[in-house]
Amino acid sequence: MSGRTSDLNTEHYSASAVADVVRTVPPELSGQRLDQALARMFPEHSRSRLQAWLRDGHIRLDSRAAKPKQKIWGGEQVRLAPQPGPEDLVHVAERIDLQVVYEDPSVIVIDKPAGLVVHPGSGNWNGTMLNALLHHAPELARVPRAGIVHRLDKDTSGLLVVARTLQAQTDLVRQLQARTVKRDYLALVHGVVAGQGSVAGSIGRDARVRTRMAVTGRGKPALTHYRVRRRFGEVTLLECSLSTGRTHQIRVHMQSIGHPLVGDPVYRTARVRRANPALDAFGRQALHAWRLAFVHPASAKTMQFESPLPADMQDLLSALQ
């Protein structure tokens, strides 16, 4: 897998070409305020974006201007006219190697290498997995965020599922919200971990360093389960599973119990003793999304995929032996 981009075969698309979306208010939302119900009806869009579109008149209820606090009773027609944000105006399809584990008309499963950014953002507006997906499957230009429904940090490797249609994206987002998507990781952490356990600590922005996350009472609930896969003297290989999907969740939770990830440039601590120089030489957080399971949006069958440890983590474990 390569993270290199090419100047050849680049394509542009405009997000303004997205058509209006019309959906009927389901009976179970009866009595709710419109602004609260929109997040349930259009889970493929963020709450903040829906609120902005509602405020700016891009959402209509039964062909009339909609108001955020008005009540809905079920059966109404909501028309959404999606508007491009600054980051959506132009995406470029780039020839970037992707390891496609599985694909069909509804989904694509990718084994992402460390070093590849998933979605364009500040400082990374190209050379991302989204750019690669637009080259691999140009029809994804018609799906918000090119079908991306969950992410991995830039330097975390492993499995991701991408929706190939809007219907598949909506279904997968709902599975993620219901916490039925199974995501298992292999993490190499400092210290000797005694056995299995769980970390339940709300995660939010670190009040002192805004680029970091932290366990804080002001954060969102987060739950990580872990068990020992193997011990290597001063470090332990853990299998971690997520019940929630907060930013940097495993990295923050492991650091909070005194076992930061090997190679983590953000959450490492000065107190960690590293007798083996191979640990200091490892250039990223030692975290790999090795197993992914979800219900297929079209067939309703449970799909499960596994990815072996990448070469750099394999080499590190060999050195530790």
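Along each chain, numbering runs from 1 in the same order as the chain's sequence is written. Thresholds applied to this predicted model are a pLDDT of at least 70 for local features of residues and 80 or more for the giving and counting of side-chain atom pairs; totals over whole chains, interfaces and linings are not thresholded and use all residues. As a convention, hydrogens and water are excluded, and side-chain values are obtained from all of the structure's heavy atoms.

On to the overall build of the chain. Each helix is a run of DSSP H or I of at least 4 residues and each strand a run of E of at least 2, with the numbering of both proceeding from the N terminus. Looking only at helices and strands, the chain has 7 helices and 17 strands in total. Relative to the 2.2 N^0.38 estimate, which gives 20 Å for 321 residues, the radius of gyration of the chain is 21 Å and therefore close to what a compact globule would have. Structurally, the chain occupies a C-alpha span of about 70 × 50 × 40 Å along its principal axes. Relative accessible area decides the class of each residue, using a 1.4 Å probe on protein chains only: under 20% of the type maximum gives buried, over 50% gives exposed, and in between gives partly exposed. Residues classed as buried in the chain amount to 48% of the 321 residues present. By definition in these notes, contact holds between two residues if any of their heavy atoms fall within 4.5 Å. The long-range share in the chain, meaning contacts at least 24 apart out of those at least 6 apart in sequence, stands at 65%. For the chain, the accessible area works out to roughly 15900 Å², and carbon and sulfur atoms hold 48% of it. The charge count includes Lys and Arg as positive and Asp and Glu as negative, but it does not include His or the ends of the chains. Every charge is mapped onto a representative atom, which is NZ of Lys, CZ of Arg, CG of Asp or CD of Glu. Across the chain, the mean location of the 43 positive side-chain charges is 8 Å away from that of the 29 negative side-chain charges. All radius of gyration figures rest on C-alpha atoms, and the globule criterion is 2.2 Å times the number of residues raised to 0.38. Accessible areas in this description were obtained via Shrake-Rupley with a 1.4 Å probe; residue shielding takes into account the shown protein chains only.

Attention now moves to the sheet that holds strand β4 (residues 64-65). Spatial ordering of the open sheet is given by β2-β5-β3-β4, a layout of 4 strands whose pairing is antiparallel. The open sheet is flanked by β2 (21-24) and β4, the only strands paired with a single partner. Strands pair, by our definition, only if DSSP identifies at least two bridges between them. Of the strand pairs in this sheet, β2 and strand β5 (residues 77-80) are connected by 4 bridges, and their pairing is antiparallel. Of the residues in β5, the one forming a bridge with Val22 is Arg79.

Each residue carries a pLDDT score, the predictor's own confidence in it, on a scale running from 0 to 100. With 90% of its residues at a pLDDT of at least 70, the chain reaches an overall mean of 89. Here residues 1-17 scores under 50 on pLDDT; set against residues more than four positions off or in separate chains, the count is 36 contacts.

Once their charged atoms are close, side chains differing in charge can pair, the charge on each being opposite to the other. Should a side-chain nitrogen of Lys or Arg be within 4 Å of a carboxyl oxygen of Asp or Glu, the pair is scored as a salt bridge. Inspection of the entire model under this criterion finds 16 salt bridges. Across the salt bridge formed by Asp56 and Arg55, the nearest N and O atoms sit 3.8 Å from each other. A residue is classified by how much of its surface remains accessible, and Arg55, at 61% relative accessible area, is exposed. Residue Glu103 is joined to Arg164 by a salt bridge in which the shortest nitrogen-to-oxygen separation is 3.0 Å. Pair noted here: Glu103 is in strand β7 (residues 99-103) and Arg164 is in the loop between β9 (157-163) and α4 (166-177), with a separation of 61 residues, a long-range link. Look at Glu103 and you get partly exposed, because its relative accessible area is 34%.

This part covers the packing of aromatic side chains. Any Phe, Tyr or Trp ring, taking Trp's six-membered ring, that has another such ring centre within 6.5 Å forms a pair; planes under 30 degrees apart are called stacked, those over 60 apart edge-to-face, and the others tilted. For the structure shown, the criterion picks out 2 aromatic pairs. Ring geometry for Tyr102 against Phe305: centres 5.5 Å apart, planes inclined by 40°, an arrangement best described as tilted. Of the two residues, Tyr102 is situated in strand β7 and Phe305 in strand β17 (residues 302-306); the sequence distance between them amounts to 203 residues. For Tyr102, a relative accessible area of 27% translates into the label partly exposed. The interplanar angle of 25° and the centroid separation of 6.1 Å between the aromatic rings of Phe294 and Phe305 together place this pair among those described as stacked. Taken together, the positions of Phe294 in strand β16 (residues 287-295) and Phe305 in strand β17 put the pair 11 residues apart, joining distant regions of the chain. Relative accessible area serves as the criterion here: at 1%, Phe294 is assigned to the buried category. The exposure class of Phe305 is buried, given its relative accessible area of 11%. Taken together, the ring pairs connect Tyr102, Phe294 and Phe305 into an aromatic cluster.

Right, let's get into helix α3 (residues 129-136). Along α3, 6 of the 8 residues are buried, which leaves the element largely enclosed by surrounding structure. Where α3 begins, the capping side chain belongs to Thr128, and its oxygen is found 3.3 Å from the backbone nitrogen of Leu130. Think of a polar contact as two N or O atoms within 3.5 Å of one another; within protein, one of them needs to be a possible hydrogen donor and the other a possible acceptor, and neighboring residues in sequence only count if both atoms come from side chains.

Turning next to the side chain of His259. Within the secondary structure, His259 sits in the loop between α5 (249-256) and α6 (277-281). Note on His259: relative accessible area 15%, which makes it buried. A polar contact is formed between the side chain of His259 and the backbone oxygen of His190, at a distance of 2.7 Å.

With that out of the way, let us pick up unusual backbone geometry. Its identity is not glycine, yet Ser63 carries a phi of approximately 70°, on the positive side. As for its placement among the helices and strands, Ser63 is situated in the loop between β3 (59-61) and β4. Take Ser63: its relative accessible area is 62%, and that puts it in the exposed class. For Arg179, which is not glycine, the phi dihedral falls at a positive 60°.

One way to put it is that helix α1 (residues 34-41) packs onto helix α2 (residues 47-55) with a least axis distance of 10 Å and a crossing angle of 130°. Of the possible angle classes, the one that applies to α1 and α2 is oblique. Seen along the crossing, α1 lies across α2 with a hand that is right-handed. Listed contacts from α2 to Leu34, Asp35, Leu38 and Ala39 of α1 are Arg47, Leu50 and Leu54. Basically, the charged four are Asp, Glu, Lys and Arg, the nonpolar ten are Ala, Val, Leu, Ile, Met, Phe, Trp, Tyr, Cys and Pro, and anything else, Gly included, counts as polar. Within the contact of α1 with α2, the residues separate by chemical class into 5 nonpolar, no polar and 2 charged. A fitted line through C-alpha atoms represents every axis, and for helices the fit uses only the stretch in contact; the resulting angles, taken between N-to-C directions, go from 0 to 180 degrees. The cut-offs work like this: below 35 degrees is roughly parallel, past 145 is roughly antiparallel, 65 to 115 is roughly perpendicular, and the gaps in between are oblique. Whether a crossing is left-handed or right-handed is set by the direction in which the near helix is turned from the far one by less than a right angle, anticlockwise for left-handed and clockwise for right-handed.

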